[in-house]
Amino acid sequence: MILRGAFTGLISGILMGVFIKALEVLSGKKIYVLLLNVDFIPGFKNADLSELTEFSLHLIVAVLIGIMFAFIVEHFQLFDKKRQYLVAIGITFPTILLYFPLTILAIKETPAPTDAIAILLWSIGHLAFAVFLPIFYKKKQKG
């Protein structure tokens, strides 16, 4: 279960990151910068992290969410995709709300907390992550 969840979160997190980067390039809204930003965390304020390092930190969170998704699906035996999508949306929704504290706490330039277009794009990117989770989750084969 842990490996299935980790794989699911990893693939979903990679696709979400690429999608959010594309949305940033197309819109000019710094939502990918916001996704990777850790400059407000003590110890990271003055760190000069590469994009790959910051993306890896994002993937750690995605893997943890993937494991949580797999645990809920398997513990409650929610093997039909409709229920899996509901679980995925339920556990991903709080990450959408993180937009507000992350924009407020960020030291580097990120979108404003009131930027409706950035909020919409951030939400779409995170909902895509929720959609990816059930797509890439494969239940354990019997036997």
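Up top is the structure.
A.B. asks: Teacher, can you tell me more about the packing of aromatic side chains here?
C.D. replies: Aromatic ring pairs are described here by two measures, namely the spacing of the ring centres and the angle between the planes. Counted according to the given criterion, the structure contains 4 aromatic pairs. Their ring planes at 85° and their centres at 5.4 Å tell us that Tyr 99 and Phe 100 sit as a pair that is edge-to-face. Through a chain of ring-to-ring contacts, the aromatic side chains of Tyr 99, Phe 100 and Trp 122 assemble into a single cluster.

A.B. asks: Hey, could you run me through the side chain of His 58 in this one?
C.D. replies: The residue His 58 is located in helix α3 (residues 51-75) in this model. Residue classification places His 58 among the buried residues on the basis of a relative accessible area of 10%.

A.B. asks: How should I be thinking about the nonpolar core in this particular structure?
C.D. replies: In this structure, Ile 31, Leu 35, Phe 69, Trp 122 and Leu 133 are the most contacted members of the largest nonpolar core, which totals 29 residues. Where this core is concerned, the elements lending two or more residues are α1 (2-27), α2 (31-36), α3, α4 (81-97), α5 (99-105) and α6 (116-136). The greatest single-element share of this core, amounting to 7 residues, is contributed by α3.

A.B. asks: Looking at this structure, how should I read the pattern of salt bridges?
C.D. replies: Two side chains carrying opposite charge are able to pair once their charged atoms lie near each other. Evaluation of the coordinates by the stated rule reveals 6 salt bridges. The shortest N-O distance in the salt bridge between Glu 109 and Lys 30 comes to 3.8 Å. Here Glu 109, found in the loop between α5 and α6, pairs with Lys 30, found in the loop between α1 and α2; they are 79 residues apart in sequence, far enough to count as distant. For the salt bridge of Asp 80 with Arg 83, the shortest nitrogen-to-oxygen distance reads 3.8 Å. Exposure remark for Asp 80: the relative accessible area of 34% places this residue in the partly exposed category.

Parameters and conventions
Residues numbered from 1 in each chain as written. Predicted model: local features only at pLDDT ≥ 70, side-chain atom pairs only at ≥ 80, totals over all residues. Heavy atoms only, no water. Phe/Tyr/Trp six-rings, centres within 6.5 Å; stacked < 30°, edge-to-face > 60°. Helix = DSSP H or I, 4+ residues; strand = E, 2+ residues; numbered from the N terminus. Buried < 20%, exposed > 50% of the residue type's maximum accessible area, 1.4 Å probe, protein only. Core = buried A, V, L, I, M, F, W, Y, C linked by side-chain atoms within 4.5 Å. Salt bridge = Lys/Arg side-chain N within 4 Å of Asp/Glu carboxyl O.

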